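# A structural walkthrough
Given next are the chains, with one letter for each unit.
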Amino acid sequence: MTVNGTNFTGATEVRFGANRSPSFTVVSDTRITAIAPAGTGAVQVTVTTASGTSSQFVTYAYTQVSGPVLSSVAPSSGPPSGGTPVTLTGAGLSGATAVRFGSTPASSFTVVSDTQVTAVAPAGSGTVQITVTTPGGTSNGLAYTYATVPAVSAVSPNQGPLSGGNTVTLTGSNFSGATAVTFGATPATAFSVVSPTTISAVVPAGLPGPVQITVTGPGGTSSPGVTYFYVAVPVLNDVQPGSGPLAGGNTVTLTGSHLLGATAVRFGSTAASSFTVVSDTAITAVVPPGSTAGAVPVTVTTPGGTGGGVSYLYLGAPVLSALSPAQGPLSGGETVTLTGSGLGATTSVRFGTVPAAFTVVSDTAVTAVAPPGPAGPVGVTVTAPGGTSAAVTFTRVPPPVI
C-alpha cells in the first residue's frame, strides 16, 4: 500500500496496528510504499522517524480475500549456491503456481496444505523477498538471506591432549549463525560465536595426529585448511645420571617419547633450573636443588599433558665420623679405616689435597692408604656424588730422635 503524508524522510518503522511492516520504502518526504503484515480487522497505520511517531492515523482494513498470505519462513537463510529446503507457512496457499525468491523461481516446490508450502531455494545473493503465487494472486514477501560460507583462517592454540577438553579460539570470517564446529569428523564438545570473526570452541577427544577444523553456518561449511594437532601424553623411560647432589646444578638427559613442545620439566614439585628439548625422544635438564635426600619423580609437561615414569635420586653428602688409626708415619703407607655414613658411592679420598688409594667396604666404611706428608695434622675428606664430607683429622707423627 502507499502512505501519503509529510516529514517521511529517515523513516525507521511503519506499523499496521501493533504489527511492523516487513518491508517499506521511503519514496519521498511525502510518500512511503509499505508491505502490509498479516492481520485482521481495521488497524491504524503509523510512521516513525528519529523525530517521533506520527500522531495522525490512516486506517487500513483487513478483509477476507482469496489470495495467499505468508506468515513465516524457516530457515530464513542459506548458502549462495541455493539448494536449501525451506518451509513457508501462511494461508490460502492451495493451488500455488509459483514460489519466487526475489525474481528467481524456486528450484522446486510442493504444496503441503492450504497453510504450508515447501520449496528449494535457488542460487542467489543478498536478501530477497519470497512470494507465493496462486490463482488468487501473489502473497506478501518474507525476507530470505543468502549467507556467505564461513572461512577459518587460524586456531590458537593449535595443539592439545588426546582427551580434549581444552578451549581454543578460531578466527576467520562469516561465523554469525554458526551451527556446528568439527575437529575432523567429531563435533566440538561446545562452542560459542563471539563475533562474526571469532569462535570459542571446546576440543573433543581425538587420536594422535592432525585433523582439519571446519565451521558450518547458514551459508554452508568452510573448506578444510586449518589444522589442529592431537598430542599424546609424554612418557619418560630413563634419566641419566639417575642421581646427584642435594645442591643440584648437574645436567641429566631424559629419554622417552612424545617430548616435543615440552613446556615444563619437574623434579618432584620443583621446576628444572633449565631444560632443552633435543628431540621427540630426548631432553637435557639442569637439576634444581632438592630439599631432602631421596628419590623424587621426574615429569615432563607438553600440550599433550603431563607424564613421567622415572625417578631421580637426591644424594646427601657423605659423613665421616672417625679414623682408625688417627695417626701415622710421615712416610705414609698406613691403612686407615674411615667410618661414617653415605660412603657406599665414594669417588675419592683425600688427605689434605693429596688423593689416597681407597677401597669401599660398605656404606659406612672405607679403607684408605695414607699418602706421605709433613708432620702434623691434615684433614681427611671423602667425596661422593652427593658432595664432599667435612674433614676429620689425621696426624702424621715424625719418628723418634735420640
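For the structure itself, look to the data block above.
Report on the accompanying structure. (Residues numbered from 1 in each chain as written. Predicted model: local features only at pLDDT ≥ 70, side-chain atom pairs only at ≥ 80, totals over all residues. Heavy atoms only, no water.)

## With respect to the sheet that holds strand 1 (residues 2-4)
- Read from one edge of the open sheet, 3 strands run 1-5-4, paired in antiparallel fashion. The sheet is open, and its two borders are formed by strand 1 and strand 4 (23-28), each paired with just one other strand. Recorded for the sheet is a direction-independent mean angle of 25° between the axes of neighbouring strands.
- Bridge count between strand 1 and strand 5 (residues 31-35): 3 bridges; the pairing is antiparallel. The residue bridging threonine 2 from the neighbouring strand is threonine 33, located in strand 5. (Pairing = 2+ DSSP bridges. Helix = DSSP H or I, 4+ residues; strand = E, 2+ residues; numbered from the N terminus. Axes fitted to C-alpha atoms, helices over the stretch in contact; angles between N-to-C directions.)

## A word on the layout of surface pockets
- Empty space within the second largest pocket amounts to approximately 360 Å³.
- Taken together, 18 residues make up the lining of the second largest pocket; nearest its centre are Thr6, Phe8, Val47, Ser54 and Gln56.
- Secondary structure elements with two or more residues in the lining of the second largest pocket: strand 1, strand 6 (41-49) and strand 7 (52-53).
- Along the lines of polarity and charge, the residues of the lining of the second largest pocket split into 6 nonpolar, 12 polar and no charged. (1 Å grid on protein atoms, 1.4 Å probe; cavity = no way out; pocket = protein on both sides within 12 Å on 5 of 7 lines; lining within 4 Å. Points joined across faces, edges and corners; volume = space filled by probe spheres on them. Nonpolar A, V, L, I, M, F, W, Y, C, P; charged D, E, K, R; others polar.)

## A closer look at the environment of alanine 357
- Mapped onto the secondary structure, alanine 357 falls in the loop between strand 42 (354-356) and strand 43 (358-362).
- Once you skip the residues sitting within four places of it in the chain, alanine 357 turns out to touch Thr367, Ala368 and Val369. (Contact = heavy atoms within 4.5 Å.)

## Thoughts on the sheet that holds strand 40 (residues 335-341)
- Strand order in the open sheet formed by 4 strands is 38-40-44-43, and the pairing between neighbours is antiparallel. Looking at which strands have only one partner, the edges of the open sheet turn out to be strand 38 (319-324) and strand 43. Neighbour-to-neighbour, the strand axes of this sheet turn through a mean angle of 25°, independent of strand direction.
- Here strand 43 pairs with strand 44 (residues 365-369) via 4 bridges, running antiparallel.

## Considering the side chain of threonine 49
- With respect to the helices and strands, threonine 49 occurs in strand 6.
- A residue is classified by how much of its surface remains accessible, and threonine 49, at 15% relative accessible area, is buried.
- Residues contacting threonine 49, with those up to four places away along its chain left out, are Asn7, Phe8, Thr9, Gly10, Ala11 and Thr12. (Buried < 20%, exposed > 50% of the residue type's maximum accessible area, 1.4 Å probe, protein only.)

## Section: the packing of aromatic side chains
- Taken as a whole and judged by the stated rule, the model has 8 aromatic pairs.
- Cluster of aromatic residues (ring-pair linked, three or more members): Phe101, Tyr144 and Tyr146. (Phe/Tyr/Trp six-rings, centres within 6.5 Å; stacked < 30°, edge-to-face > 60°.)

## With respect to the environment of serine 279
- Assignment of secondary structure puts serine 279 in strand 34 (residues 274-279).
- Under the relative-accessibility criterion, serine 279 is labelled partly exposed at 25%.
- Note: C-alpha distance between serine 279 and glycine 10 (269 residues apart in sequence) is 67 Å.
- The contacts of serine 279, once residues within four sequence positions are left out, are Leu259 and Leu260.

## Considerations on the pairing of strand 40
- The two faces of strand 40 differ: Val336, Leu338 and Gly340 on one face are buried, but Thr335, Thr337, Thr339 and Ser341 on the other face are not.
- In this sheet, strand 44 lies alongside strand 40 in antiparallel orientation, the contact comprising 5 bridges. If you follow threonine 337 over to strand 44, its bridge partner there is threonine 367.

## What about the pairing of strand 18 (residues 142-146)?
- Covered by surrounding structure in strand 18 are Leu142, Tyr144 and Tyr146 only, the residues Ala143 and Thr145 on the alternate face being uncovered.
- Alignment of strand 10 (residues 77-78) against strand 18, held across 2 bridges, turns out to be parallel. Residue pairing in the sheet places serine 77 in a bridge with threonine 145 of strand 18.
- As paired elements, strand 16 (residues 126-134) and strand 18 share 5 bridges and run antiparallel to each other. Looking at strand 18, one finds that glutamine 129 is bridged to alanine 143.

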